[in-house]
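Residue strings, one per chain:
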Amino acid sequence: MPSSEGPPPLSRTRTGSAATDPADLGTGNPHSLHQAIYARREEYTRPHRIRVKVGTWNVAACPGTDKDLASWFVDGKGIDTALATLDLNRNAAIEGDTDGEDGVHILGRDKIGLYVLGLQEVVDLNTASQYVSRVYAGDEGVTQKWKTALNTALPPGYKLVASEQMTGLLLLIYASPEVAPTISNVSTVTVGTGLLGYMGNKGAVVTRIILGESTRLVFVNCHLASGIEGTYNERRIWDVGQILGRTRFKPVSFAGVAEDYEEKIGDEDFAFWFGDLNFRLDGLPGDDIRHLLMLHTKGEYGAPRPKLRRDNSLEGEPILVHADKSSDAGDETNDGNSTTTHSTGDTKATDYDSDSDLDALPDPDDFLPDPHDDPTSLQATLDSLLPHDQLTRLIKQKKVFHDGWHEGAISFLPSYKYDVGTVGLFDSSEKRRAPSWCDRILYRTRKDKEAYDKKIKEAEDARKKDEEMKARGIDQAGDDDEVLFDYDPDNDGDDDHSPDVSRLEYDEYDEGEDGDNQHNRDDWVDRIRQDIYTSHQRITSSDHKPIISIFTLNYDAVVPDLKAKVHAEVAWELDRAENEGRPSLTVVNDSRDTRGPGRPGGSQDSAEELVDFGEVRFLQKQSATLTLANTGRVACTFSFVEKPSPAKENGPIPPSWLKTSFVSSEPAIDESQLPDLGKEVTLEPGETVRARLQINIDDVEQARVLNSGRSRLEEVLILRVTDGRDHFIPVRGVWMPTCIGRSIDELIRVPEGGLRKFAHSLTAKNSGKVMSVPEEMDVHCAAPRELFKLTEALESVTGRVLADEQMLEECKVPRASGWPFEEDTWRVTDKSLRASRAADLVDALDEGMADIVDAFSAEVPAVERIETVAEVLMLFLRGLTDGIITTSLWSRIEQTSLVSIGQGAAAASKALPQEAAYEQDKGTILDILSTAPNHNISFVFLTATLAKVTTDLSPITKSDLELLKSDTPVRISMLNRRSLTAGLVKRNTSSGSSGQAMAAMAARQAKERSFAEVFGELVCRAPVQKGMKDKERKAVEEKQQAVLELFLRRRGD
């Protein structure tokens, strides 16, 4: 029986309307959707029909058996009508010329929808070496041999559905081109019951398939323990129990929804059990059985009789026995309660007009006698042997296969054991094994299994009731009560239980005569008909004869279009039912783009929730808001799902360019001052709140990635509503290319007109894809124009600052040594104001403005302008991907001995004047930089500007210089040495003009040192080695500062 847990199975026998099945619409999980769709299965399934051909053959590892496969299994040849009781006139499974050399043909070729072949002993396990090597796994070469043989034999278009080998067992399933696309959820299990109870020399290969998304079929190919004694019967019964108990199929899955339990044998709609079951004939001497059957195979049994049909046989032309199956139309069942229809052949009845003349009636002599009643017939002999069949006896004793399994009437010779190469010649070896029906085909439907389970349950209930009555002391007293009270004279006996067969003849989907797609199947039951069950006696390449059976199955097939319609309706109902009790949040875009797609960066999408920031520039902050309203009936809690930033393999995690927050929906003069409500907000029904989205590209690494086109300003925010529907809010912007985050090699190739215009032209040529400046383009400038403009602006604004200081009392220039390049010395402390001014200046650089100072508004004082220019200059240098002094150039500088820096400075002071040492080191550095001309020019231009700004902001008069150049050793040291300490020591002891000169020189040296500290790291790209210690890193920084300080010194002004 199917498991009581989990969703209902996909197909069940119909005994009533499926519309009455309950469906839970209160939950939205996939299983509830599956259950609701299944409850309406009658709306999207239609009855269909398929022929299934099952063949089993123990090939005994004999050579050449694969060459016989096509003739008997696909073409249906090899039937000897003298050695099997077949109704040649009425059986629809028999076709072909019965007078030919090959005898009759069994239905095959493209008239079969599903071919199922079970083979045993496909490999030889007799020798120890072969047994050990093959008992654990199948042989791919053997499997391929049989697949090739069957592929070649089948008509074009047949597809392999399942293929599995376990040692000597092989199961192959092929489907016709029409059937193959309707098969799904194929699951195959191997169960070994041989040596030690687990080896694969005995056991079964079991496959489950689902046909038409509705009907489960299970095929069991087995090889049970051999032996004739009674103990071997117990072992075979144990083998069957192991196969049943250990077979577990994968959970069924449709549309990504899997059932939560594994199926077993018994959960299917139709099951077929076949193979070498190895049950024997006992209770009779084997020689007697062999002699009796040999009389029939030689045509020597009984008196000669008239023959209607003849066929080639071993000797002469024996009598052909024809079985009239009309008496067996109901087939044999193990349970009288089963309503499943079984038969062993189609009866081609002839209709006669009752008004016809008596002369038109058939001659009674034309009818053959029932072979069961003829003591000289082969069938009568077979009937006398069947009571000695172990399987038949064990089924009657309810020891095995008694739970609903059926077997067609046996009308053919035993399938075992023959001399190889003969027809009808039983084992003539020394062992002279008794003939037996070892090879069998059994089948069962779901209704058979359910009827058996019902009968067992009723018997158990009756037993419990009897025990209860005995315990109460009334024993059998209830029998009379049942007679009196269980019979209802008003209702009992009125029902017409005759079967409705009006719906049995169909093949295509039945839409109903009135055009209504609803298909009423209250009278529909799943049915199976066994059309034929026989052996192929003329196949002689093994000591077993192949056994085949053809079944016609009536089953439910899903109509995909109808199921899709039901699926859509059920999904809508589930969604509606869920939404009524779930939180509901409405999102309104307050800043929705209304300018249309024609503007740069305009929205091409009609989604109201799309947030389009348009053109996005470096350092320019933009914001947008969404109004969120609780339009449901319950409280609503929501938050934005935080997505982790993608980490680079060898670099830092870039900061996010998009930030979200929740603020009050109350109007405010300055919305930026509204307090943040936290990451998660809960609204009562009717309440509103605003979500604020801010975009800001203020990181050099982000600018680099966007400039190169490796990233785009596109994101999808997920607004998660607890127990509700998530909202997906697309956010995007159009990146405006910038000079920040590029290399010197790129910038020198930018023509006049600005980088942004040039970048847009490259994008247009590259089919709209953003790209870096190609290295193969011509060089238009010796150094980046942006560097020229920034240094020029720095010089001009410095002059303006000094002029304002002389003319305006309120304009005081900060005297801090690091001003205007150290942030803690800046007068403007408002970061947003500074960022806004820096963004305007960067935008002026990108747009190619001739004088970037014009980007400042007129009211911005010169002292604040110089701070902005200094900030942008440092940002530009930090953003250079290669740096002014590249890593390779810096490595060469480090490897060069500089006499005025580091350990060589003390020795140089004795051998060479200090000023000469400085000039020598500067020349050495410039020689190294000259190997990269563009970087050399950029370095010289920058350091010259910085030296001039240093001189302008910390002037020294000529008289002070002359005074400092006196012969006083301390003052000479003060003039030449980089250290400020000596000058400060002596300044307190000096007087008059000499003290002022020393103070001016001290201020100059302090500014030079501060500027060098700021620009050393920005200009020089020193390689950062993994595991570098702080002391080593500090030494590198000090050398970078010393190099810059060499070029910032001016002593002759």
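Residues numbered from 1 in each chain as written. Predicted model: local features only at pLDDT ≥ 70, side-chain atom pairs only at ≥ 80, totals over all residues. Heavy atoms only, no water.

Undergrad: I tried to follow the environment of leucine 628 on my own but got confused; where do I start?
TA: Residue position: leucine 628 is located in strand E18 (residues 622–630). Taking C-alpha positions, leucine 628 is 6.7 Å from leucine 585, a pair spaced 43 residues apart along the chain. For leucine 628, the contacting residues outside a window of four places in its chain are Leu585, Thr586, Val587, Phe638, Phe662, Leu683, Glu687, Thr688, Val689, Ala691 and Leu719. (Helix = DSSP H or I, 4+ residues; strand = E, 2+ residues; numbered from the N terminus. Contact = heavy atoms within 4.5 Å.)

Undergrad: Explain the nonpolar core here, please?
TA: Inside soluble globular proteins, nonpolar side chains tend to come together where they are buried. Counting 107 residues, the largest nonpolar core has Leu628, Phe638, Phe821, Leu877 and Phe1015 as the members making the most contacts within it. Broken down by element, the residue count for this core peaks at 11 residues, all from helix H17 (residues 862–879). When residues no more than four places from it in sequence are discounted, the contact partners of phenylalanine 1015 are Phe821, Leu873, Met874, Leu877, Leu946 and Leu1044. (Core = buried A, V, L, I, M, F, W, Y, C linked by side-chain atoms within 4.5 Å. Buried < 20%, exposed > 50% of the residue type's maximum accessible area, 1.4 Å probe, protein only.)

Undergrad: How do you make sense of the pairing of strand E8 (residues 203–211) when you look at a structure like this?
TA: The two faces of a sheet get side chains in turn, since along a regular strand they alternate between them. Counting buried positions along E8 gives nine out of nine residues, so the element sits mostly inside the fold. Neither face of E8 is open: one carries Gly203, Val205, Thr207, Ile209 and Leu211, the other Ala204, Val206, Arg208 and Ile210, and all of them are buried. As judged from the eight bridges shared by strand E7 (residues 183–192) and E8, these two strands associate in the antiparallel manner. Bridged to serine 187 within E8 is arginine 208. Where E8 lies against strand E9 (residues 215–223), nine bridges are found, and the strand directions are antiparallel. Note on E9: the bridge partner recorded for glycine 203 is histidine 223. Count of turn residues in the E8/E9 antiparallel hairpin: three residues, of which glycine 212 carries a positive phi of about 65°. (Pairing = 2+ DSSP bridges.)

Undergrad: What should I look at first to understand a negative patch on the surface in this one?
TA: A cluster of acidic residues, Glu792, Glu795, Asp851 and Asp854, forms a negative patch at the surface. Here aspartate 854 lies in the loop between helix H16 (831–847) and H17. (Patch = residues over 30% accessible without salt bridge, like charges linked within 9 Å, V, L, I, M, F, W, Y side chains within 5 Å. Areas by Shrake-Rupley, 256 points an atom, 1.4 Å probe, with all protein chains shown as cover. Salt bridge = Lys/Arg side-chain N within 4 Å of Asp/Glu carboxyl O. Lys, Arg positive; Asp, Glu negative; His and termini not counted. Charge placed at Lys NZ, Arg CZ, Asp CG, Glu CD.)

Undergrad: Can you walk me through the sheet that holds strand E24 (residues 727–735) in this structure?
TA: Think of a sheet as strands paired side by side through backbone hydrogen bonds, with each pair either parallel or antiparallel. Spatially, the five strands line up as an open sheet ordered E17-E24-E23-E19-E21, and their pairing is mixed. In this open sheet, the two strands that pair with only one neighbour each are strand E17 (611–616) and strand E21 (680–683). Pairs of neighbouring strands in the sheet enclose a mean axial angle of 20°, with direction left out of account. (Axes fitted to C-alpha atoms, helices over the stretch in contact; angles between N-to-C directions.)

Undergrad: Even after reading the chapter, I still don't get the confidence of the model for the protein, so can you show me in this structure?
TA: The predicted structure's coordinates, where accompanied by low pLDDT, should not be read in detail. Put simply, the protein has an average pLDDT of 80, and 76% of its residues get 70 or more. No element of the protein has a lower mean pLDDT than helix H24 (residues 981–987), which averages 42, and none a higher one than strand E4 (residues 114–120), which averages 98. Contacts for the low-pLDDT stretch residues 493–525, under 50 throughout, to residues beyond four places or in other chains number 53 contacts. Every residue in residues 647–654 is under pLDDT 50, and counting partners more than four places away or in other chains gives six contacts. (pLDDT = per-residue confidence, 0-100.)

Undergrad: Sorry, what's going on with the pattern of salt bridges here?
TA: Pairing between side chains of opposite charge can happen when the charged atoms of each approach one another. Scanning all chains against the criterion turns up 44 salt bridges. Close ionic contact of arginine 393 with aspartate 282 constitutes a salt bridge, the shortest N to O distance being 2.9 Å. Highlighted residues: arginine 393 in helix H8 (residues 390–396) and aspartate 282 in the loop between strand E12 (270–276) and helix H6 (286–297), separated in sequence by 111 residues. A relative accessible area of 27% means that arginine 393 is categorised as partly exposed. In this structure, arginine 433 engages aspartate 427 in a salt bridge whose closest nitrogen and oxygen atoms are separated by 3.8 Å. What you see here is one network of salt bridges that share partners, running through Glu615, Arg617, Arg756, Asp843, Asp846 and Glu847.

Undergrad: Looking at this structure, how should I read unusual backbone geometry?
TA: The phi torsion of most residues other than glycine is negative, and most of the peptide bonds are trans. For the bond running from tyrosine 416 to lysine 417, omega is 0°, close enough to zero to count as cis. By the element assignment, lysine 417 lies in the loop between H8 and strand E13 (439–445). With an omega of 10°, the peptide bond between tryptophan 819 and proline 820 qualifies as cis. Locating proline 820 in the fold gives a position in the loop between helix H15 (785–807) and H16. Of note in this structure, alanine 60 is not a glycine but carries a positive phi near 55°. Along the chain, alanine 60 turns up in the loop between strand E1 (45–58) and helix H2 (69–74).

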